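The lines below spell out each chain.
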There are 2 protein chains.
Amino acid sequence: MTSREPKQDRSRATRQRLLEATIDCLATQGWDATTVTAAAQRAGVSRGAAQHHFPAREDLITAALEHMFDARMAEIRAEGTRLPDGPGRTEAVVTRVVDYFTGDLFKAALQVWTAAAADPALRERIVPLEAKFGRTVHQVAIEMLGADDTDPTTRRLVQATLDMARGLGLADVLTDDSPRRKNIVAQWAKTLDDALPDPR
Amino acid sequence: MTSREPKQDRSRATRQRLLEATIDCLATQGWDATTVTAAAQRAGVSRGAAQHHFPAREDLITAALEHMFDARMAEIRAEGTRLPDGPGRTEAVVTRVVDYFTGDLFKAALQVWTAAAADPALRERIVPLEAKFGRTVHQVAIEMLGADDTDPTTRRLVQATLDMARGLGLADVLTDDSPRRKNIVAQWAKTLDDALPDPR
């Protein structure tokens, strides 16, 4: 162990706290309120340390979205390996995917997407991130369902499932939509099971 | 005809232009930029006249959303009566509903919903509007599909269709998603037709 490691560890921990605080701040306080200073305060980090890691607000926000997205996808993939096969698996998978779209990370991303709609410079930074997120969630859903992505019907049904999950996410932003959502997810999983070509 | 009518007509036309300009401004310039002054300028109306109609920004924005929503729903209902029965009707209905969620009115509403997520006073005004919009779109979709809303499966499938349409709307905010969307709508219409109980 060299003497540099503890300092590197501290720096990594500071960075991690800042990224988490940024998502939290976006989801609860919105786009306008999420500055480097506000995130530093929420993370219990000095403004100077925060600006050392992230000189500009856009750097902090895109890093936070990407880091937290990668972490969530790794979690969902790990959960997927623990789900039992057979009846109920499709509903369990759709539930996991919908959980992602109704969580704080989605609410944070929504603030950024919506700000980018009216800000061409921000839009240019966010469009590649949106494409990456879309591709990855699709890939994770295909893997978890054990579905054949080369079949056009399967591909479109999985995409429709993700669009439905995204719509459920948006329906949960102002009010708790979970009681309605539960029934929709169960119905969708049944319909998806009937519609996906066999054998998977 | 009394002498008051032309003045009332002018006032109504001014109000209409302001409401349209507000939706346009929200969809393209975003929440922060959409002030009474900005909408007045876009509508070619004096600031004084705009403030006579709408003293506060929130009054203008909620009036614009509600007025334009009612107008769009009336249009969709009228289109519905002209759609032929038989094969292809479900896809035509889903297409109309998705068109609503991918239009400027949805993009304007998204700006307001997202701002309301971080603003408790605004949220209180928007939640009843969201509930009204949700009920009405559901009712319109049921009517256009000729579906039986008392059947729980039907009810959930129509709700899921609206959630999917909302998700497609969100996927269209930063980039033109129409080529992908077309295939998803066609696939889902087919799946919905197979899944809805007969006879309708």
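Chain A is annotated in an unreviewed UniProt entry as TetR/AcrR family transcriptional regulator from Saccharopolyspora rhizosphaerae.

### A few points about the UniProt feature "domain: HTH tetR-type" (unreviewed entry) in chain A
Mapped onto the present numbering, the UniProt feature "domain: HTH tetR-type" (unreviewed entry) falls on residues 12-72 of chain A. The straight-line gap between the two end C-alpha atoms of residues 12-72 of chain A is 19 Å; of that span, 80% is helix and 0% is strand.

### A few points about the interface of chain A and chain B
Each partner contributes residues to the interface: chain A has 38 residues there, and chain B has 38 residues. Taking both sides of the interface into account, the surface hidden between chain A and chain B amounts to around 3,500 Å²; carbon and sulfur atoms contribute 63%. Its largest share of buried area at the contact with chain B, chain A owes to R156, L170 and L174 of chain A, together 19% of the area lost on that side. Here chain A and chain B share 2 salt bridges between them. D163 of chain A is the salt-bridge partner of R180 of chain B, the closest N and O atoms lying 2.9 Å from each other. There are 11 residue pairs in polar contact (both at pLDDT 80 or more) connecting chain A and chain B. At the level of elements, α1 (5-29), α6 (104-117), α7 (120-145), α8 (152-171) and α9 (178-195) of chain A are the ones that each hand at least two residues to the side of chain A that touches chain B. Tallying contributions element by element places α8 of chain A first for the side of chain A that touches chain B, with 12 residues. When grouped by side-chain class, the residues that make up the side of chain A that touches chain B number 19 nonpolar, 12 polar and 7 charged.

### Re the relation of the copies chain A and chain B
Laying chain A over chain B is done by rotating through 180° and shifting 0.0 Å along the axis; what remains is an RMSD of 0.0 Å. The operation mapping one copy onto its partner corresponds to a two-fold rotation axis. Residue by residue, 100% of the interface of chain A is reproduced at the interface of chain B, so both copies engage with the same surface.

### Focus on the packing of helix α4 (residues 57-82) of chain A against helix α5 (residues 89-101) of chain A
A pair of packed helices can be characterised by two numbers: the angle between their axes and the separation between those axes. All names here are of chain A. Where α4 contacts α5, the two axes come as close as 11 Å, and the packing angle between them is 165°. With respect to each other, α4 and α5 are oriented roughly antiparallel. For the crossing formed where α4 meets α5, the hand is right-handed. Contacts from F69, R72, M73, I76, E79 and G80 in α4 reach R89, R96, D99 and Y100 in α5. Of the residues in the contact of α4 with α5, the class split is 4 nonpolar, 1 polar and 5 charged.

Calculation notes
Residues numbered from 1 in each chain as written. Chains lettered and ligands numbered in written order. Predicted model: local features only at pLDDT ≥ 70, side-chain atom pairs only at ≥ 80, totals over all residues. Heavy atoms only, no water. UniProt positions renumbered as here; feature names shortened; annotations may be inferred. Helix = DSSP H or I, 4+ residues; strand = E, 2+ residues; numbered from the N terminus. Contact = heavy atoms within 4.5 Å. Buried area = accessible area lost by both parts, 1.4 Å probe. Salt bridge = Lys/Arg side-chain N within 4 Å of Asp/Glu carboxyl O. Polar contact = N/O pair within 3.5 Å; in protein donor to acceptor, adjacent residues only side chain to side chain. Nonpolar A, V, L, I, M, F, W, Y, C, P; charged D, E, K, R; others polar. Least-squares fit on C-alpha atoms with pLDDT ≥ 70 in both. Axes fitted to C-alpha atoms, helices over the stretch in contact; angles between N-to-C directions. Parallel < 35°, antiparallel > 145°, perpendicular 65-115°, else oblique. Left-handed = near helix turned anticlockwise from the far one by under 90°.

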